[in-house]
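Geometric and topological summary
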Amino acid sequence: MIGLEGKRALVTGGTYGIGLGIAEAMLQAGARVAIASRKPPKDDVKQRLESQGEVCFLQADLSVADEARRCVRDAFNALEGLDALVNNAGSFFDVDFMDLTEEHFARTFDLNVRGYFLASQEFARVVGQRDFDAAIICVGSSNSIQAEHGSVLYDTSKGAIFMLMRSMAVSLGKHGIRVNGLGPGLIRTPLSSGGLASVPGAEKLLNAQMPLGRIGEIEDCGGAAVFLASDAAKYITGHMLYVDGGLTALQAIWELPEA
Amino acid sequence: MLENHRVVITGSTYGIGLGIADAMLRAGARVILNSNDDPADDVLDRLSALGECHFIKADLSSVEGAIGLVQEAHAQLGGLDCLVNNAGTFTDKPFLDNDPADYDRIMNLNVRGYFFATQEFARLVGKREFEASVVCTGSTNGLQAEKGMPLYDTSKGAVLMLVRSLSLVLADFGIRINGVAPGLIRTPLHKKVIEKDPALCKLLDAQIPLGRRGELDDVGPVAVFLASPAAKYITGEMIYVDGGIAAQQTIWEVRGD
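Residues numbered from 1 in each chain as written. Chains lettered and ligands numbered in written order. Predicted model: local features only at pLDDT ≥ 70, side-chain atom pairs only at ≥ 80, totals over all residues. Heavy atoms only, no water.

A few words on the overall build of chain A. When you go through chain A residue by residue, the secondary structure sums to 8 helices and 9 strands. Against the globule reference of 18 Å for 259 residues, chain A gives a C-alpha radius of gyration of 18 Å, in line with a compact fold. Projected onto its principal axes, the C-alpha coordinates of chain A cover approximately 55 × 40 × 40 Å. Here chain A holds 259 residues, and 56% of them are scored as buried. At a minimum sequence separation of 6, the contacts of chain A that also span at least 24 residues come to 73%. Element-wise, carbon and sulfur atoms account for 53% of the exposed surface of chain A, whose accessible area totals about 11200 Å². (Helix = DSSP H or I, 4+ residues; strand = E, 2+ residues; numbered from the N terminus. Rg over C-alpha atoms; globule rule 2.2 N^0.38 Å. Buried < 20%, exposed > 50% of the residue type's maximum accessible area, 1.4 Å probe, protein only. Contact = heavy atoms within 4.5 Å. Areas by Shrake-Rupley, 256 points an atom, 1.4 Å probe, with all protein chains shown as cover.)

Shown next as structure tokens:
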């Protein structure tokens, strides 16, 4: 029941990080997968993905409105239909609040929010009336509900994703399409690794704030995406599923981890 | 997905608990069923056809009943990997008629039973590697109230924070704990009471983005997912299986005429 045999999925931003973990898990679950990314995948990533199932690669910058729509149509044509869209392509700027500009705002929201919106709209357009066997998954974040210092635009964009997801769930119910979110906590990705390495002792302190005792890995997220796209989730819509090792359940730690 | 997983499910001979038992067995688990009543004749036969299961009678509204069930299940299966806290009840008596006995009956089963069954589970299974887990049946009523259900709503609100708080504690034991929160599900009780009134059914369905009340088999596989290795980095989570009802604020017309 928690398998994706016969399903066709598009994963945006699926050539590295969390998107790559989702694409791999979907392939392993039996789906045929299209991956949209701004840059082509590295050779080793491409080979690994191709060894796990039927996969195709599409070039698209999801922050450009026309490209967000076009890549959904391209995926639909390449896979002769679509059953799942994973909105994942997103980014952030490591810039102090006082130095953030209109351009930072536009670039963050064009990718993290408008890209999801337009790709989802196009998905609903091309797949037509379904029988709750089609699903949209929006990668949100624990930052959809809890903020991080120095992360105002990212937090705001992920907060927007929470309600984008819930509102699309309400609107797309009559299309027979389910819409849910996957909210990773702190996951070790190419994007987060740099920051983790730059602050001495940060990882130990962060691990102490995770009830499961560790920062998440890319592989931790794939199972949840497969579940949400599968028939096992057929009565679930409008739900953000946090894959965060318990991070958002915890209020504060009261002692420092041992050095 | 759950081959060789040993699972005890409280309140599992009818309704949502039965649906969870059905899905767990189909996923390959060995299951202990429970109720405070003898099960209907066909239930054990039907479930036994799906896999190994045994029935233990116990009343989870007593602390001894809750602890005793977990101990007996552990002994019978030679260990436990998952506890599903599901046995629950409600009252539809008017607010002003709720007496302390009603309060105790609901809180003792819906909250205290979960608490002490989980404590005994952690005591017995010892240090694990996050492959052991507890699944608690919550409800959309843990988040959004229904008129005339203050005791039930309060108890389910308590279950939400029971899950979140125990997720911190049980992490030290290598145990995950999560919840499944059904919305309006067509249990035998629902069919008997609600479906006498077609206009009410229509009004309810109109308030659900997926356009229908849920079935038992909408819920069971979600519990399987939470107990499975696919959820190995998920703890303290409540998954709403509600067709989107909690995502929607109001409807402005009743569609489907």
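On to the packing of aromatic side chains. A ring pair, where both rings are aromatic, is described by two values, the distance of the centres and the angle of the planes. Counted by the stated rule, this structure contains 5 aromatic pairs over all chains. With a centroid separation of 5.8 Å and 65 degrees between ring planes, the pair formed by F92 of chain A and Y154 of chain A is classed as edge-to-face. Remark: Y154 of chain A occurs in helix 5 (residues 152-172) and F92 of chain A occurs in the loop between strand 4 (84-87) and helix 4 (102-127); sequence separation between them is 62 residues. Seen from their ring centres, F90 of chain B and Y152 of chain B are 6.3 Å apart, and the 75 degrees between their planes marks the pair as edge-to-face. Of this pair, F90 of chain B sits in the loop between strand 4 (82-85) and helix 4 (100-125) while Y152 of chain B sits in helix 5 (residues 150-171), and the two are 62 residues apart along the sequence. Taking relative accessible area as the criterion, Y152 of chain B reaches 18% and is therefore assigned buried. (Phe/Tyr/Trp six-rings, centres within 6.5 Å; stacked < 30°, edge-to-face > 60°.)

Residue and element names in this part refer to chain B. Pairing is parallel in the open sheet, where 7 strands are placed in the order 3-2-1-4-5-6-7. The sheet terminates laterally at strand 3 (53-57) and strand 7 (238-241), the two strands that pair on one side only. Between one strand and the next, the sheet's axes are offset by a mean angle of 20 degrees, whatever the strand orientation. Alignment of strand 6 (residues 175-182) against strand 7, held across 4 bridges, turns out to be parallel. (Pairing = 2+ DSSP bridges. Axes fitted to C-alpha atoms, helices over the stretch in contact; angles between N-to-C directions.)

Quick look at helix 3 (residues 65-78) of chain A now. Residues and elements named next belong to chain A. With 14 residues, helix 3 ought to run about 20 Å at 1.5 Å a step, and its terminal C-alpha atoms sit 20 Å apart, in line with that. What helix 3 keeps buried is the set A68, C71, V72 and A75. Along the axis of helix 3, the buried positions cluster into a sector of 100 degrees, meaning they face one direction only. Facing away from the buried side of helix 3, by more than 90 degrees, are the exposed residues D66 and N77. Residues of helix 3 that are buried make contact with strand 1 (8-12), strand 2 (32-37), strand 3 (55-59) and helix 4. Positive phi shows up at E80, right after helix 3, with a value of about 55 degrees. (Expected span 1.5 Å × (residues − 1). Arc of directions from axis to C-beta.)

Counting residues at the interface gives 38 residues for chain B, matched by 39 residues for chain A. It is L210, Y233 and A247 of chain B in chain B that bury the most area against chain A; as a group they hold 26% of the surface buried on that side. Here chain B is connected to chain A by 15 residue pairs in polar contact (both at pLDDT 80 or more). Those elements that provide at least two residues to the side of chain B that touches chain A are helix 5, helix 8 (216-227) and strand 7 of chain B. Take the side of chain B that touches chain A: its biggest share by element is 5 residues, from helix 8 of chain B. Each residue belonging to the side of chain B that touches chain A can be placed in one class, and the counts come to 21 nonpolar, 7 polar and 10 charged. (Buried area = accessible area lost by both parts, 1.4 Å probe. Polar contact = N/O pair within 3.5 Å; in protein donor to acceptor, adjacent residues only side chain to side chain. Nonpolar A, V, L, I, M, F, W, Y, C, P; charged D, E, K, R; others polar.)

The next point concerns helix 4 of chain A. All names here are of chain A. Here helix 4 is 26 residues long and its end C-alpha atoms lie 35 Å apart, about the 38 Å a rise of 1.5 Å per residue gives. The sharpest bend along helix 4 reaches about 40 degrees and sits at D110. In the stretch just after helix 4, G128 is the one whose phi turns positive, near 65 degrees. (Bend = angle between axes of the 7 residues up to and from the residue.)

Residue and element names in this part refer to chain A. One pass over the full model with this rule turns up 1 cavity of 30 Å³ or more. Roughly 30 Å³ of internal volume is contained in the largest cavity. Lining the largest cavity, in full, are T12, L62, N87, A89, L111, G115, Y116 and A119. The leading source of residues in the lining of the largest cavity is helix 4, at 4 residues. Residues belonging to the lining of the largest cavity are distributed by class as follows: 5 nonpolar, 3 polar and no charged. (1 Å grid on protein atoms, 1.4 Å probe; cavity = no way out; pocket = protein on both sides within 12 Å on 5 of 7 lines; lining within 4 Å. Points joined across faces, edges and corners; volume = space filled by probe spheres on them.)

Shape is all these values report; function is a separate question.
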